[in-house]
Amino acid sequence: MPELPEVEVVRQGLERHVLDSKIVDVDVFTPRSVRRHVAGATDFAQRLRGRTLTATRRRGKFLWLALDDEDALLAHLGMSGQLLVQPAGAADELHLRIRFRLVDGRELRFVDQRTFGSMAISDGGADLPSELSHVAPDPFEAAYDADAVVEALRGRRTNVKRALLDQSLVSGIGNIYADEALWEARLHYARPTDTLRRTEGHRVLAAVRGVMTAALADGGTSFDALYVDVDGASGYFARSLEVYGRAGEPCSRCGTPIRRDRFMNRSSFTCPHCQPRPRRPHW
Ligand SMILES: [Zn+2]
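Residues numbered from 1 in each chain as written. Predicted model: local features only at pLDDT ≥ 70, side-chain atom pairs only at ≥ 80, totals over all residues. Heavy atoms only, no water.

**Points about the overall build of the protein**
So, point 1. Within the protein, the regular secondary structure consists of six helices and 10 strands.
So, point 2. Projected onto its principal axes, the C-alpha coordinates of the protein cover approximately 60 × 35 × 30 Å.
So, point 3. Burial statistics for the protein: of 283 residues in total, 53% are counted as buried.
So, point 4. Long-range pairs, those at least 24 residues apart, make up 65% of the contacts in the protein between residues at least 6 apart in sequence. (Helix = DSSP H or I, 4+ residues; strand = E, 2+ residues; numbered from the N terminus. Buried < 20%, exposed > 50% of the residue type's maximum accessible area, 1.4 Å probe, protein only. Contact = heavy atoms within 4.5 Å.)

**Thoughts on the coordination of the zinc ion**
So, point 1. Looking at the metal site, the zinc ion is ligated by C251 (SG), C254 (SG), C271 (SG) and C274 (SG), spaced 2.2 to 2.4 Å from it.
So, point 2. Each of the four donor atoms bound to the zinc ion contributes to angles spanning 97 to 115 degrees, and the resulting shape is tetrahedral.
So, point 3. Positions of the donor residues of the zinc ion, expressed as sequence spacing, correspond to C-x2-C-x16-C-x2-C.
So, point 4. For C251, a relative accessible area of 4% gives the class buried. (Donors = N, O, S within 2.8 Å, 3.2 Å for Na, K, Ca; no water. Tetrahedral: all angles 85-135°; square planar, octahedral: opposite > 155°, others 65-115°.)

**Considering the pairing of strand 6 (residues 96–102)**
So, point 1. Taking burial as the measure, the seven residues of strand 6 include six buried ones, the bulk of the element.
So, point 2. Sheet topology note: the strand 1 (residues 23–28)/strand 6 ladder contains five bridges and is antiparallel. Within strand 6, the position partnered with D27 by the bridge is R99.
So, point 3. In the sheet, strand 6 pairs with strand 7 (residues 107–112) via five bridges, with the strands oriented antiparallel. Paired with R101 across the two strands is E107, which belongs to strand 7.
So, point 4. Linkage of strand 6 to strand 7, two consecutive antiparallel strands, is achieved through a turn of four residues, within which G105 is found at a positive phi near 100 degrees. (Pairing = 2+ DSSP bridges.)

**Brief notes about the sheet that holds strand 3 (residues 62–67)**
So, point 1. A sheet is described by the order of its strands in space; here four strands give the open sequence 2-3-4-8, paired in antiparallel fashion. Pairing within the sheet leaves two strands with one partner each, and these edge strands are strand 2 (53–59) and strand 8 (118–122). When strand polarity is set aside, the average angle formed by the axes of neighbouring strands in this sheet is 20 degrees.
So, point 2. Relative to strand 4 (residues 72–76), strand 3 runs antiparallel, the two being bridged by five bridges. By the bridge assignment for strand 4, F62 is matched with H76.
So, point 3. Packing of helix 1 (residues 4–18) onto the sheet brings it into contact with strand 2 and strand 3, and relative to strand 2 it is tilted by some 170 degrees.
So, point 4. On top of the sheet, helix 2 (residues 41–48) reaches strand 3, strand 4 and strand 8; it is set at about 60 degrees to strand 8, its chief contact. (Axes fitted to C-alpha atoms, helices over the stretch in contact; angles between N-to-C directions.)

**Topic: the layout of surface pockets**
So, point 1. Estimated volume of the second largest pocket: approximately 260 Å³.
So, point 2. Along the walls of the second largest pocket sit 17 residues, with R36, L74, A120, I121 and E131 positioned nearest its centre.
So, point 3. Of the residues forming the lining of the second largest pocket, the biggest block, four residues, is contributed by strand 8.
So, point 4. Of the residues that constitute the lining of the second largest pocket, the class distribution is eight nonpolar, five polar and four charged. (1 Å grid on protein atoms, 1.4 Å probe; cavity = no way out; pocket = protein on both sides within 12 Å on 5 of 7 lines; lining within 4 Å. Points joined across faces, edges and corners; volume = space filled by probe spheres on them. Nonpolar A, V, L, I, M, F, W, Y, C, P; charged D, E, K, R; others polar.)

Laid out in structure tokens, this is it:
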């Protein structure tokens, strides 16, 4: 699933390629892909015809295109959603769900193999869609307050990884970057948040920003060719991952084999030496 760096790469691509473009027609091929637009696919298409895309914005894993009427075209990529910009006449993708024809003939296409992603119009959502009011600022927003997040973390009765994945506390972090940041900060995922020192809280949040900044510079992490930027190019940060997906390989700091555990129906990867399990684990 794309996390903040992957969604930001897509946003930057949209900024480069479709900013100030006018939509002249919209085809919704898969109504499920606009299921969050409660007025339905016909309304979705009608309201977007003639609109101009005036800004590209993102919070956490959500991105939206501001429209010239102060509404917004909101996108969630889900597991496999792609936003591609294609020249006129390019062959349709197998999993093409929505086509936006632009005034210059190019097309913005929402392609989604597994259809967990969706698009919707957010009324008045140009600056910040109300649909995202429950989503906390991500670590790169001006509204992000690291001191407040650390205090909130320490006030929770959970473990540190579960807290990092909680989008109402800080947004944009998923399984990959949580594991990478915890390794960087030498914290075990099961560490109870109410035992975190302030310095440890700041350490892991700084590690989140550091690893996401590095990932963004590499175009994000692509494991399965499902995550691509608007040109269809894959990111190559996967080769720089320290623990995620590297079970059995030596830790680059100490040589201990990386360990994979089951966690929240997925996996957690740690170095058992650099990130010792807490004496009082919290599940
Ligand atoms: Zn290690």
